[in-house]
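# Residue-level structure breakdown
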Amino acid sequence: MSRVQIGGMSVFLVLLLAISATQAAVVRQYPILDSLQHLENPMQRSVVPFADEDNYRLPNDTIPSHYAVSLSTNVHTGDTVFNGTVAITLSVLSTTTKIVVHARQLENFTASIIQQGVTEAVAQELTYEYEAEREFLTFSKTGLTFPEDTTWILTINYQGHLRTDNGGFYLSTYTDEEGNTKYLATTQFESTDARHAFPCYDEPSKRAEFTITIKHDPSYNAISNMPVDTSSTSGVTVFQKTVNMPSYLVAFIVSEFVFSEGELNGLPQRVFSRKGTEHEQEWALTTGMLVEKRLSGYFDVPFALPKLDQAGIPDFAAGAMENWGLATYREEYLLYNTENSTTSTQTNIATIEAHEDAHMWFGDLVAIEWWSFLWLKEGFATLFENLAVDLAYPEWDIFQTFHAGSYQSALVNDASANARPMSHFVQKPSEIALLYDSVSYAKAGSVLDMWRHALTNTVFQRGLHNYLVDNQFTAANPSKLFEGIAKAAVEENYEVKATVADMMGSWTNQGGVPLLTVTRNYESGSFTVKQSVYTNDKDYTNDKLWYVPINYAESQNPDFRDTEATHYLLNQSEITINSGLDQTSWLILNKKSTGYYRVLYDTQNYQLITSALTTRPHKIDPRNRAQLINDLYRFATSGRVPHATLLELLTYLPQENQYSPWSATNTVITLLNRYLSGDADYDNFQFYVRELVSLQFDKFGVNDNKGDHHLVPYTRNVLINLACLAGLENCLTETTAKLTALVEKGTKIEPNLQSQVYCNGLKQADDKTFDFVFNKLLNSTDQAERRLLISALGCSQNTAQLEKFVSSSIEPEGLRDQERITVLSPVYSRGEVGLLVAIEFLQKNWEKYGQLNSGFGGVNPLYSDIVGISAYTVNDKQKEALQELVDTVKSSEYVPSTLQASVDSNVNANYAWLASNRDPLMTWVAGFRSGSSALNASILAILACLLAAKLF
């Protein structure tokens, strides 16, 4: 699956509950607005926790080979009842008296079984037992045995109800252009919800073929993984038999959807969505065809099915899903309006579509043996959501956004002493759901990209071809991947410094991220690289070691293009590299920041780097410039380097014009601002930020320009955010003017600037302007626009306005159910006014807000938002208000017993941060301001003397 994040699921139904204040802000500012791992997380649909002592895997005594699934639905009326029959052809691997399959929320079973290959065999009625905890549906008959090496057809009749929580076989609704309510039935089966549509062996390695038949009203149409079979009639759609595939990849939609179609690379493709959106399908169709061509070409493995469809669903918690031959998406990640959509939306569609298309090989063609290896499909999808787009649109420079997004997210979330490994044993559905995180997506994608560079793209690409060909139509584990890459190294006559299994396994089998500490010998020209585990606690120690690929650039050879590893830490603590470096040369490890680790240098090397950035920043790759900023923030706030090292390096920024360094700066400044915005000397901090941003803000401006490079709108938006945060008068005036022109004259705001103009304009808006934007939200039918407006309305700094906005989360009309629990976060994360409004709102309405969760399951929003608020609580006034709220709700059914501990953990971390970081930061920026004033005064004095001399 995909991400909102991708393939990440950050503003949505599931929040990272124990996330630190630092992590929360970093995730929030990514260019791809939502993280795919959150989009795809099955925790958005509730699963009852099970008893630990039981085995939740199906018995291995029978295995399916074919399902004939027949479903009947009257969804056109809104009726949720559906009737089903499934005939499962199964083989007996070891003699048994029982056949066990999965079923969820199904009823009225009748079943019979008949043996195949036996003359005059007679169907026999079976009895059944159902175990709710493990969702095991067991069939048997007294005196009947199923011998080894026999084949049977098990036929089950049953009844179910379309769900309303966006999982399994579920009901979705929308309002058409005439204002009529329309219904459709669609599916979302990953990871364990196929069993809701039909009883099945619902495990990824138990592949089979599927023949799907759907009976529906003739006014509706049905689509599924395969093309429609010629035997279909009006109201009865029969689909061609699928290839061998896991149950969770089956999909079908019954609706009035319309489509656009095209063909490239010999593969017909279609994009489906509700009537009235046909004109918004073109970008997804065009990109989908090009991305598939690039992927099949890269893998040298053709797409395995006769067609590929993409469908936009109005209600879709998962964000996107890689059903083989029928990928499904939330509408905002598939539909692109050339007049109103942003460059960010265009990019999201391309990367999320590439994420799902990559799954057609990684996860579909080659399945994973079990969910413990979820990264083996999601990591590749995360990598290729960027690499496929880079191959399709190389001018985009998409890996700058990958570096700012997934890569940074992984480093932040992996900096824990108890970080889990990529391969992580799970068994229960509730445990499986927890794997949809930054480790399976962002870290896995980053680690795979590291090895793509370290071993060369040639070896990596051939290794993936080997893996896909050798394991197609089966289920694999990581060892199969390692074997494919090792085989490629032999085929390419490429020397590998250790076994591929040992090298890559050191990253997949243990959690955490390495810290490389570089110490230069300025006399000999050599340097030593020492590895340790990185956490935010600099005193934490651990004996973990990795096989770490290394390369480097230096000022005498500032070539960052060749990213192949030149040296390795081969599961050893340190190495010395005799490089012959000149004393005055800067040294930077990890070219283009493709290696998954942080790098800490000695003081003198940081001074050399800062000097180089100040004079010739373009000599250092933009991603390395960004990583220096990101690393130094972590090192400064964890006590590894003085704060001055970071703040001095940032002074080169007036010369910076690339996205990834400004994105890193935005992360740092936003984090610092959270803690310092209420400080008595806050104006010194704002002065510092203005000095960093004003020159580039003037260059980029607040107007969208046709012909801009793809990343320019991203960079412009970051600069606007920082300039307005710093109180730069031009920024505040110009953004407010654009919003006023919209309200007063109907002058449209350029799509790429809407988020910044709405947010910064609303910070000082009157009620008329606020109500205009609020009503625009309520009246909009564009999901991407609605999400943007929800985020922007939280920027208001007026208590009454914010109270009106947060109240909309529990009012019966206005917002869609899935939107209601996204309202509070943009309010409490924008400053003290909003934070206190959110606390007061929950204090008065906690029970209603807690009940919002009833339709979707997963983590209750009351709990997640209280924990979220605690991540932004930085003073006693806020802390006291929050504690009153916690005391009110902590005994309720809506929050777990861990609420107080989670809140205390975040608040205490914030107070500790301030105790360690406030004084050195504010002292330095105060000195910077006084130094700048003195310098300006000196310059003016010199100019006055020169002028006087000239006049004399």
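Numbering of residues begins from 1 in every chain and follows the order in which that chain's sequence is written. Totals for whole chains, interfaces and linings use every residue, but because this is a predicted model, local features are given only for residues with pLDDT of at least 70 and side-chain atom pairs only at 80 or more, for both listing and counting. Calculation of side-chain values draws on the structure's entire complement of heavy atoms; hydrogens and water are dropped beforehand.

Take the environment of Asn779 next. Secondary structure elements are taken from DSSP: a helix is a run of H or I of four residues or more, a strand is a run of E of two residues or more, and numbering for both begins at the N terminus. Within the secondary structure layout, Asn779 lies in helix H21 (residues 767-779). Burial status follows relative accessibility: with a 1.4 Å probe on protein chains alone, a residue under 20% of its type maximum counts as buried, one over 50% as exposed, and anything between as partly exposed. A residue is classified by how much of its surface remains accessible, and Asn779, at 64% relative accessible area, is exposed.

Moving on, we come to the packing of aromatic side chains. Working definition: a ring pair exists when centres of Phe, Tyr or Trp rings (six-membered ring for Trp) sit within 6.5 Å. Plane angles under 30 degrees give stacked, over 60 give edge-to-face, the rest tilted. Scanning the entire structure with this criterion turns up 49 aromatic pairs. Look at Tyr407 and Tyr596: their rings are 6.4 Å apart centre to centre, the planes differ by 85°, and that puts the pair in the edge-to-face class. With Tyr407 in helix H7 (residues 399-413) and Tyr596 in the loop between strand E27 (587-589) and strand E28 (598-600), this residue pair connects regions lying 189 residues apart in the sequence. The class for Tyr407 is buried, based on a relative accessible area of 1%. Residue Tyr596 is classed as buried on the basis of its relative accessible area of 0%. The rule is short: NZ of Lys or CZ of Arg within 6 Å of the ring centre and within 35 degrees of the ring normal puts a charge over the ring. Just above the ring of Trp370 sits the side chain of Arg57; from NZ or CZ to the centre is 3.7 Å. Here the basic side chain of Arg598 rests over the ring of Tyr534, its NZ or CZ set 5.3 Å away from the ring centre.

So, on to the UniProt feature "binding site: Zn(2+)" (unreviewed entry) in the protein chain. UniProt's feature table lists "binding site: Zn(2+)" (unreviewed entry) at His355, His359 and Glu378, given in the numbering used throughout. Sequence-wise these annotated residues cover 24 residues; spatially they are packed, their C-alpha atoms never more than 8.5 Å apart. Here His355 is to be found in helix H5 (residues 343-359). Within the secondary structure layout, Glu378 lies in helix H6 (residues 375-392). UniProt positions are given in the numbering used here, feature names are shortened, and annotations may be inferred rather than shown by experiment.

Here the focus is the side chain of His643. Residue placement: His643 occurs in helix H15 (residues 643-649). Beyond its immediate chain neighbours, meaning those up to four positions away, His643 contacts Ala636, Ser916, Asn917, Pro920 and Leu921. Whether two residues are in contact is decided by their heavy atoms: any pair within 4.5 Å suffices.

For the rest of this paragraph, the subject is the sheet that holds strand E16 (residues 308-313). If you walk across this open sheet you meet the five strands as E14-E15-E16-E18-E17, and the pairing is mixed. Each edge of the sheet is formed by a strand with only one pairing partner; in this case those strands are strand E14 (258-264) and strand E17 (320-321). By definition, two strands form a pair when at least two bridges between them are found by DSSP. Judged from the two bridges that link them, E17 and strand E18 (residues 326-330) form a sheet pairing that is antiparallel. Residue pairing for E18: Ala320 is matched across the bridge by Tyr329. Here helix H4 (residues 282-299) sits on the sheet in contact with E14 and strand E15 (267-273), set at roughly 35° to E14. Relative to E18, H5 is tilted by about 150°, and along the sheet it contacts E16, E17 and E18. Axes, fitted as lines to C-alpha atoms, cover a helix only where it is in contact. Angles between the N-to-C directions of the axes lie from 0 to 180 degrees.

Attention shifts here to the confidence of the model for the protein chain. pLDDT measures how confident the predictor is about each residue, on a scale from 0 to 100. When pLDDT is averaged along the protein chain, the result is 92; 92% of the residues meet or exceed 70. Here residues 3-35 scores under 50 on pLDDT; set against residues more than four positions off or in separate chains, the count is 150 contacts. Every residue in residues 42-53 is under pLDDT 50, and counting partners more than four places away or in other chains gives 47 contacts.

To continue, consider the domain arrangement of the protein chain. Domain boundaries assigned for the protein chain yield domain 1 (57-256), domain 2 (259-364), domain 3 (371-509) and domain 4 (513-606). Placing a centre on the C-alpha atoms of domain 2 and another on those of domain 3 gives a separation of 22 Å. Counting residues at the interface gives 25 residues for domain 2, matched by 27 residues for domain 3. For any pair of parts, buried area is found by adding up, for both, the accessible area (1.4 Å probe) each one loses once the two are put together. Summing both partners gives a buried area of about 2200 Å² for domain 2 against domain 3, and 75% of it is carried by carbon and sulfur. The largest contributions to the domain 2 side of the interface with domain 3 come from Tyr298, His355 and Phe362, which together make up 35% of the buried area. We define a salt bridge as a side-chain nitrogen of Lys or Arg found within 4 Å of a carboxyl oxygen belonging to Asp or Glu. The interface formed by domain 2 and domain 3 includes one salt bridge. Domain borders in the structure are assigned automatically or taken from a domain database.

Where helix H9 (residues 439-454) contacts helix H12 (residues 500-508), the axes come no closer than 11 Å and their chain directions differ by 155°. In this view, H9 runs roughly antiparallel relative to H12, as classed from their interaxial angle. Judged by the twist between their axes, the crossing of H9 over H12 is right-handed. Facing Lys443, Val447, Leu448, Met450 and Trp451 of H9, the residues of H12 in contact are Met503, Met504 and Trp507. Residue type decides the class: Asp, Glu, Lys and Arg count as charged, Ala, Val, Leu, Ile, Met, Phe, Trp, Tyr, Cys and Pro as nonpolar, and the leftover types, Gly among them, as polar. Residues of the contact of H9 with H12, tallied by class, amount to seven nonpolar, no polar and one charged. An angle below 35 degrees is read as roughly parallel, one above 145 as roughly antiparallel, one from 65 to 115 as roughly perpendicular, and any other as oblique. Rotating anticlockwise by less than a right angle from the far helix to the near helix defines a left-handed crossing, while the corresponding clockwise rotation defines a right-handed one.

Pairs of cysteine sulfur atoms within 2.5 Å are identified as disulfides in what follows. Within the structure shown, the criterion is met by two disulfides. At a sulfur-sulfur separation of 2.0 Å, the disulfide partner of Cys724 is Cys731. In this structure the cystine formed by Cys724 and Cys731 twists about its S-S bond by roughly -95°; its chirality is therefore left-handed. The side chain of Cys759 participates in a disulfide bridge whose partner is Cys795; the two sulfur atoms lie 1.9 Å from each other.

Turning our attention to the packing of H5 against H6. Where H5 contacts H6, the two axes come as close as 7 Å, and the packing angle between them is 130°. Between H5 and H6, the angle falls in the class oblique. Crossing handedness for the pair H5 and H6: right-handed. Side by side, H5 and H6 meet where Ala350, Thr351, Ala354, His355, Ala358 and His359 of the first sit next to Lys377, Glu378, Ala381, Thr382, Phe384, Glu385, Ala388 and Val389 of the second. Per-class residue counts for the contact of H5 with H6 are seven nonpolar, four polar and three charged.

Structurally, Glu256 is set in the loop between strand E13 (252-255) and E14. As used in this structure description, the phrase polar contact means that two N or O atoms lie within 3.5 Å; if the pair is within protein, one of them must be able to donate a hydrogen and the other to accept it, and residues adjacent in sequence are counted only when both atoms belong to side chains. Among the polar contacts made by the side chain of Glu256, one reaches the side chain of Lys182 at a distance of 3.3 Å. Once residues within four sequence positions are removed from consideration, Glu256 is found in contact with Tyr174, Lys182, Ser219, Tyr220, Asn221 and Lys275.

So, on to unusual backbone geometry. Following Glu190, the chain continues into Ser191 via a peptide bond in cis, with omega recorded as 5°. Tracing the sequence through the fold places Ser191 in the loop between strand E9 (181-188) and helix H3 (194-197). One non-glycine residue, Glu135, lies in the positive phi region at around 60°. For Glu135, the position within the fold is in the loop between strand E5 (124-131) and strand E6 (136-140). Glu135 gets classed as buried once you look at its relative accessible area, which sits at 8%. In this model, Asp397 sits at a positive phi of 55°, which is unusual for a non-glycine residue. Mapped onto the secondary structure, Asp397 falls in the loop between H6 and H7. Overall, Asp397 belongs to the partly exposed group, its relative accessible area being 29%.

A few words now on the nonpolar core. Nonpolar side chains tend to gather and get buried jointly when the protein is soluble and globular. The biggest cluster of nonpolar side chains holds 295 residues, and the ones touching the most others in it are Phe198, Phe384 and Leu481. In terms of residues, this core owes the most to one element, helix H29 (residues 899-951), which gives 10 residues. Among all residues touching Leu481, those that are not within four sequence positions of it are Trp375, Leu376, Phe380, Leu448, Leu464, Tyr467 and Met504. For our purposes a nonpolar core is just a set of buried Ala, Val, Leu, Ile, Met, Phe, Trp, Tyr and Cys residues, chained together by side-chain atoms within 4.5 Å.

A separate point is helix H19 (residues 729-745). One less than the residue count of a helix, multiplied by 1.5 Å, gives the span that helix is expected to have. The end-to-end C-alpha distance of H19 is 23 Å, a good match for the 24 Å that 17 residues give at a rise of 1.5 Å each. Here the buried face of H19 lies against helix H17 (682-700), helix H18 (712-725), helix H20 (754-762) and H21. A positive backbone phi angle near 75° is found at Gly746, which sits one or two residues after H19.

Counted under the stated rule, the structure contains 46 salt bridges. Linking Glu190 and Lys377 is a salt bridge whose minimum nitrogen-to-oxygen distance equals 2.8 Å. Residue Glu190 is found in the loop between E9 and H3, and its partner Lys377 is found in helix H6; the two are separated by 187 residues along the sequence. Since its relative accessible area comes to 0%, Glu190 is described here as buried. Classification of Lys377 by relative accessible area gives buried; the value is 0%. Between Glu744 and Lys768 there is a salt bridge, with its nearest N and O atoms 3.3 Å apart. Remark: Lys768 occurs in helix H21 and Glu744 occurs in helix H19; sequence separation between them is 24 residues. One salt-bridge network, in which partners are shared between bridges, spans Arg104, Glu135, Arg163, Asp165, Asp193, Arg195 and Asp202.

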